[in-house]
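# Chain and residue survey
The primary structure of each chain is shown beneath.
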Amino acid sequence: MKFYDREDQLQSLKEMRDLSYNGYSRMTVVTGRRRIGKTTLVKTAYADEPYIYLFVGKKSESVLCSEFCQEFREKTGVYVPPINTFRDVFRFFMEEGTRRKFTLFFDEFQNFLQVNPSIYGDIQNWWDRLQKDSHVNMVVCGSVYSLMEKLFKDRKEPLYGRHDAIIKLSAFPTGILKEIMEDNAPGYTKDDLLALYTYTGGIPKYVEYFIDLKATTAPAIINRICREDSPLIEEGRKLLAQEFGKKYSTYFSILQAISNGINTQAAIEDFLGGKSIGGQLAKLEQTFDLIRKVRPIWSKPKTQNVRYEISDIFLRFWFRYIEKYQRLIEIGQFQALKKIITEDYQTYSGGVLERYFKTKLVESMEYRDIGGWWDPKGYTDSKGHHQQCELDIVAQRLDKKIIEVYEVKRNAEKVSYSTFDEKLTHFCSKENNAKRSIIQSGILSINDM
C-alpha cells in the first residue's frame, strides 16, 4: 500500500531539518502507539537524503555502539574510531555536527532504558554542550507510548524540555480511509468501509495488512483475523505487555470489562470481585492513553455521571473477541471464533458506527463541542412508562446558535421516530444550552458514511 496522509507531519519534520541545517541542532520526538506508522513517517520525510538510522535493539551497549558507528561511517564516509560507550559515540556525533549537517534518527528510543539508563543523561550532557554549535537534525521515536511520554515530559527525567517539537501520530482520518478504499477496492460498499474501520480503527499497519491481502469486505477481513497465522491474534498482547510490564493482569481485566459494556467504576469493581481500581483507571487514562472518561455533553468536570470507553477501536475489538475467547484460540478452534465474530458483526459494527460519525464531525472542524448525552434518571414516555434516555450524538456548532442531535443506527428504518422525539423533548427540558439554541435533529445510518 502506498503512503497516505500525514502531510502536516511530513512538513514539520522537514521544517525541523531546515532549522537544524541552517541554524543549530534541533530534537524532534515522534510518539504514538505501536503500528501507527512512526518509522515509516520519518523515513518518508527524509527519503531525499542519506539519513543515519540507528535502531536501538535490546543488546549490549558495546554491540550497539559498533552498529551505530558502522551506520554513521557508511552514510557519511567519515572515519569513526573504535568506541565502546554510547557516551563517547554521542559526543562524536555532536562534534561531527559542528563540521557537517546530517539527520540522526533513533528508532525504539525507549530501549536505552534496558541497555543502560544513564544514556539519557549522556545525551542531555552533550546536547546541552554542543546544540548551539552543531547542525544535527535529531529525531527519536519509540513504540512504548508511556515511556516516550515520560522521558520527555517528566520533570525528573534528564531529557525533559530538550525537545523542540513533538509529533503525536493518530489513526487515519475517515476521509483517508475512504481514499484508500477508492484506490484499492473500487466499487466498495458502505459496509466494506465500516468493516475496515471496525476491525482496524484506522491504524495504518492494520489497514495495510488487509489492503495488501485484498481483504476489503467484512467476511474477508474476519476470515483473515481468524487464522492461526494471523498477526492480529497476538497484537493486543504484544502492544500492551510492553506498556504494562509484568503487572498486566488487572489492566487486562479492566479493559475486557469496558469492551463488554461494563463501563462505570462501580460496575468494573464489581466485575473484578470488589477490587478497588481507581489508581489503575487513572493510569490507563493519563499514563497509557488507552481509555477515556465519557460524560454527558456540558457536564461539570467533577460529575459522578461518568462512563469509560477504550480509546483505541482495534483494542476494543481485540478485548471483546480475541482476549475473551482466548481458550478457543489455544485449542485451535478458529472456525468457532469466526462464527462468533461473524454473527455479532451487525450489532457490534453498529456501535462502532457511532464512533465513526463522532470522529467525522470532529474532523470537519465545524463544531465547538461534540459528545453524547444521557439522563441516568430516565424519563416518563407518553404512555406513562419509565424509559431510559440517551442521545447518541449532540454537536454544538461553532457559533453556539445551532445544536445538532443525531440518532445513529446501521439501518435508519429501525429507528422509532416517536421515541426519538420524546427523548429530544426531555433533553431540551433539562439542558440550558438546548433551551437557548436552535435544535436540528436527524438520523445517521451506514448510508451517510
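Structural data are supplied above this passage.
These notes cover the structure that comes with them. On a predicted model such as this, the values are computed, not experimentally measured, just so you know. (Residues numbered from 1 in each chain as written. Predicted model: local features only at pLDDT ≥ 70, side-chain atom pairs only at ≥ 80, totals over all residues. Heavy atoms only, no water.)

## Description of the overall build of the protein chain
Keep this limit in mind: Working definition: helices are DSSP H or I runs of at least four residues, strands are E runs of at least two. Numbering for both runs from the N terminus. Put simply, the radius of gyration uses C-alpha atoms, and a globule should come to 2.2 Å times the residue count raised to 0.38. Note on classification: 1.4 Å probe, protein chains only; a residue is buried when its accessible area is under 20% of the maximum for its type, exposed when over 50%, partly exposed between these limits. Computed with the Shrake-Rupley method and a 1.4 Å probe, the accessible areas treat only the protein chains shown as cover for residues. When charges are counted, neither His nor the chain ends are considered; positive counts come from Lys and Arg and negative counts from Asp and Glu. Charge positions are represented by NZ for Lys, CZ for Arg, CG for Asp and CD for Glu.
Each helix and strand counted, the protein chain has 20 helices and 11 strands in total. For the protein chain, the C-alpha radius of gyration of 25 Å lies close to 22 Å, the compact-globule estimate for 449 residues. Seen through its principal axes, the protein chain has C-alpha atoms that stretch 85 × 55 × 50 Å. Taking all 449 residues of the protein chain together, the buried fraction comes to 49%. As presented, the protein chain carries roughly 21,300 Å² of accessible surface, and 47% of it is formed by carbon and sulfur atoms. For the protein chain, the centre of its 67 positive side-chain charges and the centre of its 61 negative side-chain charges are spaced 3 Å apart.

## Here's the deal with the pairing of strand S9 (residues 386-397)
Heads up, the rule is: The pairing criterion is simple: DSSP has to find at least two bridges between the two strands.
Where strand S8 (residues 367-380) and S9 come together, nine bridges link them in antiparallel fashion. Looking at the pairing, Trp373 lines up with Leu391 of S9. Between S8 and S9, which pair antiparallel one after the other, the connecting turn spans five residues, and Gly384 there sits at a positive phi close to 85 degrees. Bridge analysis of S9 against strand S10 (residues 402-408) gives four bridges, and the strand direction is antiparallel. Within S10, the residue paired with Ile393 across the bridge is Tyr406. The antiparallel hairpin formed by S9 and S10 contains four residues in its connecting segment, where Lys400 sits at a positive phi of about 70 degrees.

## A short note on the packing of helix H8 (residues 174-184) against helix H18 (residues 334-363)
The cut-off we apply is this: Simply put, an axis is a line fit to the C-alpha atoms, just over the touching stretch for a helix, and the angle between two N-to-C directions goes from 0 to 180 degrees. Any angle that is under 35 degrees is reported as roughly parallel, and any over 145 degrees as roughly antiparallel; angles of 65 to 115 degrees are reported as roughly perpendicular and all others as oblique. The contact definition used throughout considers only heavy atoms, calling two residues in contact when any of these lie within 4.5 Å. Classification used: nonpolar for Ala, Val, Leu, Ile, Met, Phe, Trp, Tyr, Cys and Pro, charged for Asp, Glu, Lys and Arg, polar for all others including Gly.
Contact geometry of H8 with H18 gives a least axis separation of 9 Å together with a crossing angle of 105 degrees. As judged from the angle between their axes, H8 and H18 are roughly perpendicular. Contacts between H8 and H18 involve Thr174, Gly175 and Lys178 on the former and, on the latter, Tyr356, Thr359, Lys360 and Glu363. Residue composition of the contact of H8 with H18, by class: one nonpolar, three polar and three charged.

## Observations concerning the pattern of salt bridges
Rules: Here a salt bridge means any side-chain nitrogen of Lys or Arg lying within 4 Å of a carboxyl oxygen belonging to Asp or Glu.
A full pass over the atoms with the stated rule returns 29 salt bridges. A salt bridge links Glu96 to Arg100; the nearest nitrogen and oxygen atoms lie 2.9 Å apart. When the shortest N-O distance is used, the salt bridge between Arg397 and Glu366 registers 2.9 Å. Note that Arg397 is positioned in strand S9 and Glu366 in the loop between H18 and S8, a separation of 31 residues in sequence. You can call Glu366 partly exposed: its relative accessible area is 36%.

## Brief notes about the sheet that holds strand S2 (residues 52-55)
Pairing in this open sheet of five strands is parallel, and the strands run S2-S3-S4-S1-S5 from one edge to the other. What marks the edges here is a single partner per strand, and that holds for S2 and strand S5 (165-168). Strand-to-strand twist across the sheet, computed as the mean angle between neighbouring axes with direction ignored, equals 15 degrees. Pairing between S2 and strand S3 (residues 101-107): four bridges, direction parallel. Across the sheet, residue Tyr53 finds its bridge partner in S3, namely Phe105. Packing of helix H7 (residues 145-153) onto the sheet brings it into contact with strand S1 (26-31), strand S4 (135-141) and S5, and relative to S1 it is tilted by some 150 degrees.

## Regarding the packing of aromatic side chains
For clarity, the cut-off: Centres within 6.5 Å make a pair out of two Phe, Tyr or Trp rings, where for Trp the six-membered ring is used; the pair is then stacked when the planes are under 30 degrees apart, edge-to-face when over 60, and tilted otherwise.
Under the definition given, this model contains 35 aromatic pairs. Considering the side-chain rings of Phe72 and Phe92, the 5.8 Å spacing of their centres and the 80 degrees angle between planes classify their relative orientation as edge-to-face. With Phe72 in helix H3 (residues 61-76) and Phe92 in helix H4 (residues 86-96), the pair connects residues that are 20 residues apart, well separated along the chain. Taking the relative accessible area as the measure of exposure, Phe92 reaches 13% and is therefore buried.

## Let's talk about the environment of Arg227
Inclusion rule: Each polar contact in these results corresponds to two N or O atoms within 3.5 Å; when the atoms are within protein, one needs to be able to donate a hydrogen and the other to accept it, and residues that are neighboring in sequence are counted only if both atoms are side-chain atoms.
Mapped onto the elements of the fold, Arg227 is located in the loop between helix H11 (218-225) and helix H12 (235-244). When the C-alpha atoms of Arg227 and Phe334 are compared, they prove to be 6.1 Å apart, with 107 residues separating the residues in sequence. Once residues lying within four places of it in the same chain are set aside, the contact partners of Arg227 are Ile233 and Phe334. Engagement of the side chain of Arg227 in a polar contact is seen with the side chain of Asp229, the distance being 3.0 Å.

## So, H12
Heads up, the rule is: The directions considered for the arc run from the helix axis to the C-beta atoms.
Looking only at H12, the buried set comprises Glu235, Gly236, Leu239, Leu240, Glu243 and Phe244. Projection of H12 onto a plane perpendicular to its axis shows the buried side chains occupying an angular sector of 135 degrees, all on one side. Tucked inside the fold, the buried residues of H12 contact H7, helix H10 (204-212), helix H13 (249-259), helix H15 (278-287) and helix H16 (313-323). Backbone geometry just downstream of H12 places Gly245 in the positive-phi region, at approximately 75 degrees.

## What to know about the pairing of S10
Buried residues dominate S10, accounting for six of its seven residues. Alignment of S10 against strand S11 (residues 438-444), held across seven bridges, turns out to be parallel. Bridge pairing links Ile403 to Ile439 in S11.

## Things to note about the layout of surface pockets
As a reminder of what qualifies: Cavities and pockets were defined on a 1 Å grid built over protein atoms only: a cavity is a set of grid points that admits a 1.4 Å probe from which the probe cannot escape, a pocket is an open set flanked by protein on both sides within 12 Å along at least five of seven lines, and lining residues are those with an atom within 4 Å of any such point. Grid points are joined across faces, edges and corners, and a volume is the space filled by probe spheres set on the points.
In this model, the second largest pocket occupies a volume close to 1,000 Å³. Lining the second largest pocket are 32 residues; nearest its centre among them are Arg316, Gly350, Gly351, Glu354 and Asp392. For the lining of the second largest pocket, the elements supplying multiple residues, two or more each, are H13, strand S7 (307-310), H16, H18, S8, S9 and S10. By residue number, the principal contributor to the lining of the second largest pocket is H18, which donates eight residues. For the lining of the second largest pocket, the per-class residue count stands at nine nonpolar, 10 polar and 13 charged.

## Comments concerning the sheet that holds S8
Pairing between the strands of a sheet is mediated by backbone hydrogen bonds and can be parallel or antiparallel. Here we have four strands laid out as an open sheet, ordered S8-S9-S10-S11, and mixed in their pairing. Each edge of the sheet is formed by a strand with only one pairing partner; in this case those strands are S8 and S11. With direction set aside, neighbouring strand axes in the sheet form an average angle of 30 degrees. In the packing of H18 onto the sheet, the strands contacted are S8, S9, S10 and S11, and the crossing angle to S9 comes to about 25 degrees. In the packing of helix H19 (residues 417-430) onto the sheet, contacts are made with S8, S9, S10 and S11, and the angle to S8 comes to roughly 100 degrees.

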